[in-house]
Amino acid sequence: MDKIIIEGGRRLKGEVDISGSKNAVLPIMAAALLTEEESVVTNVPSLWDVHTMVKLLRSLGAKAILENGCLKVKPGKNLKPLAPYKLVKTMRASVCVLGPLLARLGEAEVSLPGGCAIGPRPIDLHLKGLEALNAEIMIEHGYVKVRAKTKLRGSEIYLGGGYGSSVLATDNVMMAATLAYGKTVIENAACEPEVVDLAKFLRKMGAKIVGEGSPRIEIEGVRKLHGAEHQVIPDRIEAGTFLYAAAITGGDILVRKMEPSHLNAVIDKLHQAGVRVEKFKNSARVRKNGRLKPVDITTLPYPAFPTDLQAQAMALATVTPGISVITEKIYPNRFMHVPELGRMGAKVFLEGPSAIVHGVKKLSGAPVMASDLRASAALVLAGLVAEGATEVQRVYHLDRGYENLEQKLTSLGASIRREKE
Ligand code: EPZ
C-alpha cells in the first residue's frame, strides 16, 4: 500500500485543470449496456473506480477499452446478467448496472454492495423503483436478483423513503425505464448534475426523457437504443477540493475546466468564510481575502452543500478562528476523518450528526490513516497547512476518486510525494 508525505506551510499558487466527473462517468458506463452498439465517452478520468467499472463491464461480456481519457464500450449481443461479489464489494457504484441489465436482458443478479466506511449503503429505494416497473426482486446468498415478470412497464414512482432522494437509485430507475413499455414518472428524483449528465447521454442514445435536474423526471419507453458519443462533465467534488486547498493554504489558484454553477452552495459558504472566489465561464479563481471566519454547514441533496465536500470543509474549519458547526444529514456517521484530524491537533467534538469545530492556530503534521475517499482528501488538505510532515497512509482511497492528485498539488507548489508503505 502507498502513503503520501506532505510538508505543510506552502501557499498554493497557479493553475490546475479538473478531470472528468467520477460520479457522472460511472452510471454513464453502466448506461452503455442498454444497447449492443458501441458508445464513446470522453473526458474520462483514470481512477480506480473507473478501472473497476471497466472490469465489471468486461465480466458482463461487453468490450470496454479506456485509452487517454477516451472510453469505448461495445456491449454486443451476449451480455451476462451477473455482477460478481469480488468486483461489487470494492465499489458500491456497481449497483447501477442493475437497471440497464434488467432492461436489456429482463434479468440481473448483482452482489449486494454491503456497507463502507461512511456507513450502511442500503439499496431499498433502487429495488422499490425497479419493482414498480414490474420486476420481481429476490435477495439470497448476498445477491439481489431482479427479473422482469413479463416486460418492464412504466409507472408513477415516488422514489423516497425514510430519507430524501437517492442519486444512484434515480439513475437505476431512469435507465431501466428507457426500455420499459409506456411512461414512467419518477417523483422525488435526485437533482445532482451527474444525474443530468446521465440523462443527456441516454437522450443521445435515443431515450425520451424530460425533467432531469428537477425532482420530477418523465421517461417514455422506446423499443431500442443506439450507441452515442458523450463528453463527461467536470468533477465538481475535485474542483471543490481544490477551492478548499487554496483557502486553507491562503493561496491563489485558478481552477480550470470546472463548472462553477455546480458549486453555488460551496462557493457561497467559502464567501461567508472570508474566501474570495471569482467565477468565470469554465473556471474560478480562489484566494484568501483577509481573516477566515467560522461558518455553519449542513449537507443536503443538490443544490445544497454536498456531503462529498463535508470533510474538506471541516479541514478548513479546524484552522478557522472561532466555532464552526458542520451537520451531516446524508451519511450521519461520515466523520471518520475527525479522530485523524484530532491527531494533528484539531479540536472537533461530535454531537450526533453534528461536528462542533473549535478553530486552532496551528495543526501539527502527524502520521494519519485514510478511511474513505473524501476523508483522505481532508487529511491531505490538513497536511498542506500543518507544521512539519504529515504522512497519509492507505492512499488507495484517494486513488479511487482523484486523478494525479500529487502531481496537481505539486504543480501548485505543494511539497508532496508518494512512497511505498
Ligand atoms: C452517490 O452515492 C455518490 N456516489 C456518493 O459519492 C455521494 O456521497 C452520494 O451520491 C450522495 O450525494 C456515486 O455517485 C457513485 P444516495 P449513492 O443513494 O447514490 C440513503 C463519493 O465520495 N439511501 O444518494 O449511493 C443512503 O444511505 C461518493 O464520490 C437509502 O436509504 O448515494 C444515504 O443516506 C460517496 N436507500 C442517502 O440515501 C437507498 O436505496 C443518499 O444516498 C439508497 C440510498
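These lines cover the structure that appears in this document, whether it is placed above or below. (Residues numbered from 1 in each chain as written. Predicted model: local features only at pLDDT ≥ 70, side-chain atom pairs only at ≥ 80, totals over all residues. Heavy atoms only, no water.)

## So, the sheet that holds strand 3 (residues 39-42)
The sheet built from 4 strands is open, its strands ordered 4-5-3-14 with mixed pairing. The open sheet terminates on both sides in strands that have one partner only, identified here as strand 4 (63-67) and strand 14 (229-231). Shown here is a sheet whose adjacent strand axes are inclined to one another by a mean of 15 degrees, direction ignored. As judged from the 3 bridges shared by strand 3 and strand 14, these two strands associate in the parallel manner. Within strand 14, the residue paired with Thr42 across the bridge is Gln231. Along the sheet, helix 2 (residues 48-59) makes contact with strand 4 and strand 5 (70-74), crossing strand 4 at roughly 155 degrees. Packing of helix 7 (residues 193-204) onto the sheet brings it into contact with strand 3 and strand 14, and relative to strand 14 it is tilted by some 160 degrees. (Pairing = 2+ DSSP bridges. Helix = DSSP H or I, 4+ residues; strand = E, 2+ residues; numbered from the N terminus. Axes fitted to C-alpha atoms, helices over the stretch in contact; angles between N-to-C directions. Contact = heavy atoms within 4.5 Å.)

## Focus on the layout of surface pockets
One number sums up the size of the second largest pocket: a volume of about 410 Å³. For the lining of the second largest pocket, the secondary structure elements donating two or more residues are helix 8 (236-249) and helix 12 (373-385). Looking at the lining of the second largest pocket, the element that brings in the most residues is helix 8, giving 3 residues. Taken together, the residues that form the lining of the second largest pocket break down as 8 nonpolar, 4 polar and 6 charged. (1 Å grid on protein atoms, 1.4 Å probe; cavity = no way out; pocket = protein on both sides within 12 Å on 5 of 7 lines; lining within 4 Å. Points joined across faces, edges and corners; volume = space filled by probe spheres on them. Nonpolar A, V, L, I, M, F, W, Y, C, P; charged D, E, K, R; others polar.)

## Quick look at helix 8
With 14 residues, helix 8 should cover 20 Å at 1.5 Å per step; its first-to-last C-alpha distance of 20 Å lies within 8% of that length. Most of helix 8 sits inside the fold, with 14 of its 14 residues counted as buried. Following helix 8 by one or two positions, Gly250 adopts a phi angle in the positive range, close to 65 degrees. (Expected span 1.5 Å × (residues − 1). Buried < 20%, exposed > 50% of the residue type's maximum accessible area, 1.4 Å probe, protein only.)

## Focus: empty space enclosed by the protein
One water molecule sets the probe size; rolling that probe over the atoms shows where empty space is left. Scanning the model with the defined rule gives 2 cavities of 30 Å³ or more in all. Size it by volume and the largest cavity reaches roughly 90 Å³. Along the walls of the largest cavity sit 14 residues, with Val295, Ile297, Ala313, Leu316 and Ala317 positioned nearest its centre. Ranked by residue count, the leading element in the lining of the largest cavity is helix 10 (residues 310-318), at 3 residues. Each residue belonging to the lining of the largest cavity can be placed in one class, and the counts come to 10 nonpolar, 2 polar and 2 charged. In this structure, the second largest cavity spans a volume of roughly 40 Å³. Taken together, Thr241, Phe242, Ala245, Ala377, Val380, Leu381, Leu405 and Leu409 form the lining of the second largest cavity.

## Remarks on the packing of helix 6 (residues 167-177) against helix 7
Running from N to C, helix 6 and helix 7 point in directions that differ by 15 degrees, and their axes come no closer than 10 Å. The angle between helix 6 and helix 7 falls in the class roughly parallel. For the element pair helix 6 and helix 7, the recorded crossing hand is right-handed. Across the interface between the two elements, Val167, Thr170, Asp171, Met174 and Met175 from helix 6 touch Val195, Leu198, Ala199 and Leu202 from helix 7. Along the lines of polarity and charge, the residues of the contact of helix 6 with helix 7 split into 7 nonpolar, 1 polar and 1 charged. (Parallel < 35°, antiparallel > 145°, perpendicular 65-115°, else oblique. Left-handed = near helix turned anticlockwise from the far one by under 90°.)

## Overview of the pairing of strand 5
Covered by surrounding structure in strand 5 are Leu71 and Val73 only, the residues Cys70, Lys72 and Lys74 on the alternate face being uncovered. Pairing geometry for strand 3 and strand 5, over 3 bridges, is antiparallel. Paired with Val40 across the two strands is Lys72, which belongs to strand 5. Here strand 4 folds back onto strand 5, and the loop between the two strands holds 2 residues, one of which, Asn68, carries a positive phi near 45 degrees.

## Thoughts on the nonpolar core
Most often, soluble globular proteins have nonpolar side chains that are buried together. Within the largest apolar cluster, 78 residues are counted, with the highest numbers of intra-cluster contacts made by Met29, Leu34, Val97, Leu98, Leu152, Met174 and Leu202. Non-local contacts of Leu202, meaning those with residues more than four positions away in its chain, are made with Ala31, Leu34, Met174, Met175, Thr178, Ala207 and Ile209. One finds Phe242, Ala246, Val255 and Ile416 within the second-largest nonpolar core, a separate group that totals 71 residues. (Core = buried A, V, L, I, M, F, W, Y, C linked by side-chain atoms within 4.5 Å.)

## Describing the pattern of salt bridges
Taken as a whole and assessed by the stated rule, the structure comprises 24 salt bridges. Arg256 serves as the salt-bridge partner of Asp17, at 2.7 Å between the closest nitrogen and oxygen. A residue pair is termed long-range when its members are at least 10 positions apart, and Asp17 in strand 2 (residues 13-17) and Arg256 in strand 15 (residues 252-256) qualify at 239 residues. Classification of Asp17 by relative accessible area gives partly exposed; the value is 28%. With a shortest N-O distance of 2.6 Å, Lys408 and Glu238 are connected by a salt bridge. Of this pair, Lys408 sits in helix 14 (residues 405-411) while Glu238 is found in helix 8, placing the two residues 170 residues apart along the sequence. Here the salt bridges do not stand alone but share partners, grouping Asp2, Asp399, Glu406, Arg418 and Lys420 into one network. (Salt bridge = Lys/Arg side-chain N within 4 Å of Asp/Glu carboxyl O.)

## Here's the deal with the sheet that holds strand 18 (residues 297-299)
Taken together, 4 strands build an open sheet; the order of strands is 18-19-21-20 and the sheet is mixed. Both edges of this open sheet fall to strand 18 and strand 20 (347-351), since each of them pairs with a single strand only. Strand after strand, the sheet turns through a mean of 15 degrees between neighbouring axes, direction not considered. As defined by bridge partners, strand 18 adjoins strand 19 (residues 323-328) across 3 bridges and the pair is classed as parallel. Along strand 19, the bridge assignment pairs Thr299 with Glu328.

## Re helix 6
In terms of residue burial, helix 6 counts as a mostly covered element, since 10 of its 11 residues are buried. Residues of helix 6 that are buried: Leu168, Ala169, Thr170, Asp171, Asn172, Val173, Met174, Met175, Ala176 and Ala177. Residue Ser166 occupies the N-cap position of helix 6, its side-chain oxygen lying 3.1 Å from the main-chain nitrogen of Ala169. (Polar contact = N/O pair within 3.5 Å; in protein donor to acceptor, adjacent residues only side chain to side chain.)

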